[in-house]
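# Close look at the chain arrangement
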Amino acid sequence: MAKSTMDQDLSKVLFSEEQIRQRVQELGDELFERFKDRNPLFVGVLKGCFLFMSDLIRACQIKSEIEFIAVSSYGDEFASSGNVQITRDLQHDITGRDLIVVEDILDSGNTLYFLTQYFKAKGAASVTIVTLLDKPARREKPIHADYVGFETPDEFVVGYGLDFKQQYRNVPYIGVMKPELYQ
């Protein structure tokens with residue numbers, strides 16, 4: 001079995017594989033209780049959501065559909081530009097639908113604030129936000145998640161879908177990047 005060299009780029013582990021697995025199951029159970037008699041549409045915000053969303057919808061075990069949207073406000077930069085652009089739009093009509101928006105991290109809030117307004121304008125009946133990580137120290141917009149996996153300190157984190165310049169998404173836990181690699 002090949003061993004990863006990505007670990008050496010991280011200063012510490014914030015959330016282990018086991019902690020993530022357990023918390024995702026708890027979130028799935030909570031979503032099941034809330035949506036068990038409905039047919040929500042899970043909307044994943046690409047690319048960072050893909051691991052989290054995959055595990056979450058299996059943990060949730062409700063009849064539902066999935067959809068994806070891709071937006072950009074970071075590019076290859078460390079901080080959000082604040083300018084959110086849709087790079088892949090929804091393929092389904094969401095009029096009257098209960099949406100469960102799945103995101104990897106809520107930090108500045110620019111993306112989720114934009115998407116919430118966008119989905120409401122497109123006729124969504126409700127928008128529920130589920131984020132794996134919440135980093136309130138970076139918040140610029142008045143938005144909060146309905147369900148949060150973990151609150152994270154103001155550090156640059158990667159793994160379990162979160163990236164730096166499109167890499168490190170496949171690290172199976174969430175770790176902190178060494179500052180000398182991104183500054």
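Everything that follows concerns the structure shown earlier in this document.
Right, let's walk through the structure included here.

About the cut-offs
Residues numbered from 1 in each chain as written. Predicted model: local features only at pLDDT ≥ 70, side-chain atom pairs only at ≥ 80, totals over all residues. Heavy atoms only, no water. Helix = DSSP H or I, 4+ residues; strand = E, 2+ residues; numbered from the N terminus. Axes fitted to C-alpha atoms, helices over the stretch in contact; angles between N-to-C directions. Parallel < 35°, antiparallel > 145°, perpendicular 65-115°, else oblique. Left-handed = near helix turned anticlockwise from the far one by under 90°. Contact = heavy atoms within 4.5 Å. Buried < 20%, exposed > 50% of the residue type's maximum accessible area, 1.4 Å probe, protein only. Polar contact = N/O pair within 3.5 Å; in protein donor to acceptor, adjacent residues only side chain to side chain. Core = buried A, V, L, I, M, F, W, Y, C linked by side-chain atoms within 4.5 Å. Phe/Tyr/Trp six-rings, centres within 6.5 Å; stacked < 30°, edge-to-face > 60°. Salt bridge = Lys/Arg side-chain N within 4 Å of Asp/Glu carboxyl O.

Structurally, P179 is set in the segment after strand 9 (174-177). Note: C-alpha distance between P179 and L27 (152 residues apart in sequence) is 31 Å.

At their nearest, the axes of helix 1 (residues 17-35) and helix 2 (residues 50-60) sit 7 Å apart, and the two run at 50° to each other. As far as their axial angle goes, helix 2 and helix 1 are oblique. For the pair helix 1 and helix 2, the sense of crossing is right-handed. In this structure, helix 1 uses V24, Q25, L27, G28, D29, L31 and F32 to contact helix 2, whose residues at the interface are F52, D55, L56, A59 and C60.

Looking now at the environment of R23. Summarising the element assignment, R23 is placed in helix 1. A relative accessible area of 18% places R23 in the buried class. Apart from the residues lying within four places of it in its own chain, the contact partners of R23 are E30, V148, G149 and F150. Within polar-contact distance, the side chain of R23 engages the backbone oxygen of G149 at 3.0 Å.

All right, on to the nonpolar core then. Ranked by internal contacts, the top residues of the largest apolar core, which has 28 residues, are L31, F42, F52, L56, L133 and I174. At the level of secondary structure, the elements contributing two or more residues to this core comprise strand 1 (10-15), helix 1, helix 2, strand 5 (98-106), strand 6 (126-134), strand 7 (147-151) and strand 9. When neighbours within four sequence positions are excluded, F52 is seen to be in contact with V24, L27, V102, E103, V130, T131, L132 and Y160. Counting residues in hydrophobic clusters, the runner-up holds 20 residues, among them V71, L112, F119 and I143.

Attention now moves to the packing of aromatic side chains. Taken as a whole, this structure holds 6 aromatic pairs when the rule is applied. Measuring from centroid to centroid gives 4.1 Å for F15 and F150, while their planes differ by 20°, and the two rings are stacked. Of this pair, F15 sits in strand 1 while F150 is found in strand 7, placing the two residues 135 residues apart along the sequence. Residue F15 is classed as buried on the basis of its relative accessible area, which comes to 10%. Using a relative accessible area of 12% as the deciding quantity, one classes F150 as buried. What links up through ring pairs into an aromatic cluster is the set F114, Y118 and F119.

With the exception of glycine, the majority of residues adopt a negative phi angle, and the majority of peptide bonds are in the trans configuration. Omega for the bond connecting L46 with K47 falls within 30 degrees of zero, at 5°, which places this linkage in the cis form. Backbone geometry at Q166 places phi at a positive 70°, although glycine is not the residue there.

If you walk through the whole model with that rule in mind, you get 12 salt bridges. The partner of E18 in a salt bridge is R21, and the shortest N-O contact between them spans 2.6 Å. Here E18 and its partner R21 are both found in helix 1, 3 residues apart, which amounts to about one turn of the helix. Here R23 and E26 are joined by a salt bridge, their closest N and O atoms 3.1 Å apart. Of this pair, R23 and E26 both sit in helix 1, separated by 3 residues, roughly a single helical turn. We classify E26 as partly exposed; its relative accessible area is 33%. Salt bridges linked by common partners bring R23, E26 and E30 together as one network.

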